Amino acid sequence: DAGVTQSPTHLIKTRGQHVTLRCSPISGHKSVSWYQQVLGQGPQFIFQYYEKEERGRGNFPDRFSARQFPNYSSELNVNALLLGDSALYLCASTPLRGANVLTFGAGSRLTVL
Amino acid sequence: SQQGEEDPQALSIQEGENATMNCSYKTSINNLQWYRQNSGRGLVHLILIRSNEREKHSGRLRVTLDTSKKSSSLLITASRAADTASYFCATEYGNKLVFGAGTILRVKS
């Protein structure tokens with residue numbers, strides 16, 4: 001079985017632009033979570049989606065949004081990019097609602113210039 | 001602020017030695033997890049210890065949990081160069097995991 005897949009792996013944007021990051025969970029996993037990891041820090045929770053509904057949101061501004069599709073894949077959108085949005089964005093899936101044990105993708109590294 | 005805090009921030013040892021990393025957290029937990037991250041890529045789950053467990057083993061990994069002190073430790077025995085990575089503890093808080101800042105482990109061959 002394929003693991004959690006994320007795309008793109010790397011991208012460079014300029015301030016003010018928007019970005020869409022994509023994630024495909026492990027087959028059978030209905031819950032997808034997004035985390036932001038700034039260099040030198042641990043991952044910070046952004047969103048969790050379960051059965052296509054938002055089940056949790058971290059302390060991030062409204063510029064961050066996400067959605068989950070009927071096939072359980074997910075997109076994370078960030079508008080009006082700031083330099084501080086430069087980070088590794090990690091997607092994780094789990095078969096259950098809630099945190100439990102997460103299986104992470106390799107991440108999308110975003111650089112904002 | 002993050003729930004868990006790891007200590008030390010960085011650790012450098014020789015191959016074959018044991019590595020011990022510590023984690024402290026702030027609120028009551030149901031379980032505590034440890035994850036590993038190689039070179040800024042995705043995290044890999046290592047082990048989960050429940051609040052009613054005091055010690056758990058998995059291969060060369062040994063995790064302890066002291067709920068009275070709100071702390072956990074991860075011991076890697078007989079370390080290998082391939083163990084070089086960042087290690088994070090994580091606690092559940094609602095529908096999310098809260099991670100500490102991590103310990104960077106370097107194993108020299």
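Residues numbered from 1 in each chain as written. Chains lettered and ligands numbered in written order. Predicted model: local features only at pLDDT ≥ 70, side-chain atom pairs only at ≥ 80, totals over all residues. Heavy atoms only, no water.

Chemist: Can you help me understand the overall build of chain B in this one?
Modeler: Broken down by element type, chain B carries zero helices and eleven strands. Overall, chain B shows an N-to-C arrangement of helices and strands of β-β-β-β-β-β-β-β-β-β-β. For chain B, whose C-alpha radius of gyration is 13 Å, the value lies close to the compact-globule estimate of 13 Å for 109 residues. Considered along the principal axes of its C-alpha atoms, chain B spans approximately 40 × 25 × 20 Å. Counting only contacts in chain B whose residues sit at least 6 apart along the sequence, the fraction spanning at least 24 positions is 54%. When the accessible surface of chain B is summed, it comes to about 5,300 Å², and 45% of that surface belongs to carbon and sulfur atoms. Charge separation in chain B, taken as the distance between the mean sites of 14 positive and 10 negative side-chain charges, equals 3 Å. (Helix = DSSP H or I, 4+ residues; strand = E, 2+ residues; numbered from the N terminus. Rg over C-alpha atoms; globule rule 2.2 N^0.38 Å. Contact = heavy atoms within 4.5 Å. Areas by Shrake-Rupley, 256 points an atom, 1.4 Å probe, with all protein chains shown as cover. Lys, Arg positive; Asp, Glu negative; His and termini not counted. Charge placed at Lys NZ, Arg CZ, Asp CG, Glu CD.)

Chemist: Would you mind showing me how to read the sheet that holds strand E7 (residues 61–66) of chain B here?
Modeler: Strand pairing in a sheet takes place through backbone hydrogen bonds and is either antiparallel or parallel in direction. All names here are of chain B. Pairing is antiparallel in the open sheet, where five strands are placed in the order E1-E3-E8-E7-E6. A single partner strand is all that each edge strand has here, and the edge strands are strand E1 (5–7) and strand E6 (55–58). Looking at each pair of strands side by side, their axes are set apart by 20° on average, direction ignored. Note: E7 against strand E8 (residues 71–76), six bridges, orientation antiparallel. In the strand pairing of E8, aspartate 66 is matched with serine 71. (Pairing = 2+ DSSP bridges. Axes fitted to C-alpha atoms, helices over the stretch in contact; angles between N-to-C directions.)

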